[in-house]
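# Fold and contact review
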Amino acid sequence: MIDTFLKKLGKGGLYRKSDDHREEGIFSLSSGYITLQTKLDLTSTNRCGICIKNVNGTYFSNTIEEVQEFLRISNSEFRTKHILINDKYGYLWIMIKGISIEDILVASNGIADVIIDRGFKDQMLAAVFEFRKTVSPNSNLDSSQLEPQFLIFNYKREKFYPFVPLASQEKRHSDLELVLASIISKEIPWETDMSVWYPMWDMPFNKMRT
Amino acid sequence: MSRPWQRRDNGLTLRMIMSFVILTLLYLVFLGVLVYLGVGFIPITIVASVLIIAQWYFSDKIVLWSSGAKVVTREQFPELHGLVERIVAMNNLPKPKIAVINSSVPNAFATGKSQRSSVVAVTTGLMDILDSEELEGVIGHELTHIRNRDVLVITLASLFSTVAWYLMQFGFYGGLYGGGMGGYGGGRDRGGGGGAILIMLAVAAVTWLVSFLVIRAISRYREFAADRGSAQMTGKPVQLANALMKISGTMQRVPNRDLRKVEGLNAFFIIPVNSGRQTIANLFSTHPPVQMRVQKLLEMEASMA
């Protein structure tokens, strides 16, 4: 079993050409985050969550077991930590925390590879990446701007869209979402159809120790 | 400091001049044809001129009256007045009169013959759905219409269309009448009169159609210019983008239902992204599509970041 994981670390697994644009899609963030940093002072918190629809049965739970095994083995390489959380919607979240954004991009992609290899592609819902405003000493930002801002990658459409929830209510900061769109929509695969910018409320980011 | 959105709009000036040249030529050609055909030219001109001057002179009153807008004082709407005053003070513009329309439909317009006598009108619905920054964006847009003298521009542009329209009407009846008289006179001009009517109608129709389309094009372009002006005035293009989306109802398209709840409805994910533009409809509309305006505003926002 370990062989499979090690193979994934090599060219054959992680960077293989695939019929979908998932990899290049997610990896576009490795340059896109610099734009967010320089133009919006938004930095990656190096945390991401992968949201998967739960399936009953041992084959799926074995797959998740493999994912965890993969993360444990690759830990030394990617410097990531992870936890699993089941949410109230019946979805499984694999929450990853890394040292740099590359770590979480590579790790999230490896996870997707394992899950897709086991035939659960249709269960993959979204990968969510968290960003926050960098606070400089002389900035006068209001508190709403310090809330986390998310880029959601929809695995079905293989595109990113913004999601900036207002703290403690099911409402969105549409102006901040539009600012995000204006800055980064040309650099990463972008969801131009706003009618599918579905929110994801109560994501378990706060359940991860920072 | 020379960012793309800050540059002066030379394209606008050029387009305006070109449009006027084209319209004037069309107008002259049309008149020439009428004169050549011997239509009673002087009465037509007098009536048309009077109507146009009246339309121009009473334009703001007509607009305010027909829209039901009431000019309001600072005491009645202190916040709205304050908001407008902040923008005009920052941008060294004369303060317009402010009018409010009691309507739940979110909308705004500017009117007036000169900068000093201009009026900015907003509906109560607009004030209800927009926050103050978004409202600033909309007011900035209307103030740019005033600064660019768009009311005058559009009125003048419409003038040609209106004149062509009147002449077409008069020409049509005049031509019939003339043709009929020719018949009584012994049939000498009958054949020639019929052909002339057809030519004249064709020329009039083409004149009117082209001028109509040109006005629509000018109008759409002025909207973009006003969006850009607003972005310059407020420095927050994204707020106007937000406002436009709210007003047009596009905002309602941004969903509030959780992705995990709609995931089962696979239909959501196979709807193709709508890229087909309705070009013909666009030709006839006075405002560019909201999506395009929002896109341009977001580009401005990106260039300001």
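If you're wondering where the values come from, they're calculated on a predicted model, not measured in any experiment.

## Topic: the nonpolar core
Counting residues in each nonpolar core, the largest one holds 94 residues, and the members touching the most others are Ala126, Val128 and Ile152 of chain A together with Val120 of chain B. When near neighbours in sequence (up to four residues on either side) are disregarded, Ile152 of chain A contacts Ala126, Val128, Phe160, Tyr161, Phe163 and Met200 of chain A. The next biggest cluster of nonpolar side chains, apart from the first, holds five residues, and it includes Ala196, Met200, Ala204 and Trp208 of chain B.

## Considering the environment of Gln291 of chain B
Residue and element names in this part refer to chain B. Of note, Gln291 is situated in helix H13 (residues 290-304). Classification of Gln291 as partly exposed rests on a count of 16 C-beta atoms within 10 Å. For Gln291 and Ala241, which are 50 residues apart along the polypeptide, the C-alpha to C-alpha distance reads 9.1 Å.

## A look at the sheet that holds strand S4 (residues 119-123) of chain B
Residue and element names in this part refer to chain B. In space, the four strands of this open sheet follow the order S1-S2-S4-S3, with mixed pairing throughout. Whereas interior strands pair on both sides, the edge strands pair on one side only; in this sheet they are strand S1 (69-71) and strand S3 (108-111). Taken over all neighbouring pairs, the strand axes of this sheet differ in orientation by 25° on average, direction set aside. Examined bridge by bridge, S3 and S4 share four bridges and lie antiparallel to one another. For Phe109, the partnering residue across the bridge sits in S4 and is Ala121. Docked against the sheet, helix H6 (residues 132-147) engages S3 and S4, running at close to 20° with respect to S3.

## As for the confidence of the model for chain A
Residue and element names in this part refer to chain A. Here chain A averages 83 in pLDDT, and 83% of its residues register 70 or above. Per-element averaging of pLDDT across chain A places helix H2 (residues 11-14) at the bottom with 42 and strand S5 (residues 149-154) at the top with 95. Within the model, the stretch residues 6-18 combines pLDDT values under 50 with 16 contacts to residues more than four positions away or in other chains.

## Quick notes on helix H9 (residues 237-248) of chain B
Residues and elements named next belong to chain B. Under the 1.5 Å per step criterion, the end-to-end length of H9 is 17 Å for twelve residues, consistent within 8% with the ideal 16 Å. In terms of burial, H9 is a largely internal element, ten of the twelve residues being buried. Considered for burial, the residues of H9 that qualify are Pro237, Val238, Gln239, Leu240, Ala241, Asn242, Ala243, Leu244, Met245 and Ile247. Within two residues after H9, Gly249 carries a phi angle of roughly 85°, on the positive side.

## What to know about the packing of helix H5 (residues 58-78) of chain A against helix H6 (residues 101-117) of chain A
Residue and element names in this part refer to chain A. Relative to each other, H5 and H6 sit at 150°, their axes nearing to 10 Å. One way to sum up the angle between H5 and H6 is to call them roughly antiparallel. In this structure, H5 meets H6 at a crossing whose hand is right-handed. From H5, Thr63, Glu66, Val67, Phe70, Leu71, Ser74 and Phe78 reach across to H6, where they touch Asp103, Val106, Ala107, Gly110, Ile111, Val114 and Ile115. Of the residues contributing to the contact of H5 with H6, the split by class is nine nonpolar, three polar and two charged.

## Quick look at the environment of Ile64 of chain A
For Ile64 of chain A, the location among the structural elements is in helix H5. Separated by 28 residues in the primary sequence, Ile64 of chain A and Leu92 of chain A place their C-alpha atoms 9.6 Å from one another.

## Digging into the interface of chain A and chain B
In this assembly, 27 residues from chain A lie in contact with 24 residues from chain B. If you list the elements that add at least two residues to the side of chain A that touches chain B, you get helix H4 (29-40), strand S4 (124-133) and helix H7 (174-184) of chain A. Of the residues assigned to the side of chain A that touches chain B, the class counts are 16 nonpolar, four polar and seven charged.

## A look at the environment of Leu297 of chain B
Residues and elements named next belong to chain B. Position of Leu297 relative to the elements: it lies in helix H13. Residues Leu297 and Ala231, spaced 66 residues apart in sequence, show a C-alpha to C-alpha distance of 7.6 Å. The residues touching Leu297, leaving out its near neighbours within four places in the chain, are Asp227, Ala231, Pro237, Val238, Leu240 and Ala241.

## Describing the sheet that holds strand S1 (residues 42-53) of chain A
Backbone-to-backbone hydrogen bonds pair the strands of a sheet. The strands run either parallel or antiparallel. All names here are of chain A. Spatial ordering of the open sheet is given by S2-S3-S1-S4-S5-S6, a layout of six strands whose pairing is antiparallel. Of all strands in the sheet, those with a lone pairing partner are strand S2 (81-86) and strand S6 (159-163), marking the two edges. Ignoring strand direction, the axes of neighbouring strands in this sheet form an average angle of 25°. In terms of strand pairing, S4 meets S5 through six bridges, oriented antiparallel.

## Remarks on the pairing of S4 of chain B
All names here are of chain B. The element S4 is extensively covered by neighbouring structure, given that five of its five residues are classed as buried. Side chains of S4 alternate between two faces, with Val119, Ala121 and Thr123 and Val120 and Val122 buried alike. Here five bridges tie strand S2 (residues 97-101) to S4, and the two strands are oriented parallel to one another. Of the residues in S4, the one forming a bridge with Lys97 is Val119.

## Structural notes on H7 of chain A
Within H7 of chain A, eleven of the eleven residues are buried, which leaves the element mostly enclosed by the surrounding structure. Ser174, Asp175, Leu176, Glu177, Leu178, Val179, Leu180, Ala181, Ser182, Ile183 and Ile184 of chain A are the residues of H7 of chain A that are buried. Residues of H7 of chain A that are buried sit in contact with H4, S5 and S6 of chain A together with H9 and H13 of chain B.

## A word on unusual backbone geometry
Residues and elements named next belong to chain A. Even without a glycine there, the phi angle at Asn46 is positive, about 60°. Within the secondary structure layout, Asn46 lies in strand S1. Although it is not a glycine, Asp202 sits at a positive phi angle of roughly 50°. Positionally, Asp202 belongs in the segment after H7. Overall, the presence of 12 C-beta atoms within 10 Å leaves Asp202 in the exposed class.

Basis of the calculations
- Residues numbered from 1 in each chain as written.
- Chains lettered and ligands numbered in written order.
- Predicted model: local features only at pLDDT ≥ 70, side-chain atom pairs only at ≥ 80, totals over all residues.
- Core = buried A, V, L, I, M, F, W, Y, C linked by C-beta atoms within 7 Å.
- Buried ≥ 20, exposed ≤ 12 C-beta atoms within 10 Å, placed from the backbone.
- Contact = placed C-beta atoms within 7 Å.
- Helix = DSSP H or I, 4+ residues; strand = E, 2+ residues; numbered from the N terminus.
- Pairing = 2+ DSSP bridges.
- Axes fitted to C-alpha atoms, helices over the stretch in contact; angles between N-to-C directions.
- pLDDT = per-residue confidence, 0-100.
- Expected span 1.5 Å × (residues − 1).
- Parallel < 35°, antiparallel > 145°, perpendicular 65-115°, else oblique.
- Left-handed = near helix turned anticlockwise from the far one by under 90°.
- Nonpolar A, V, L, I, M, F, W, Y, C, P; charged D, E, K, R; others polar.

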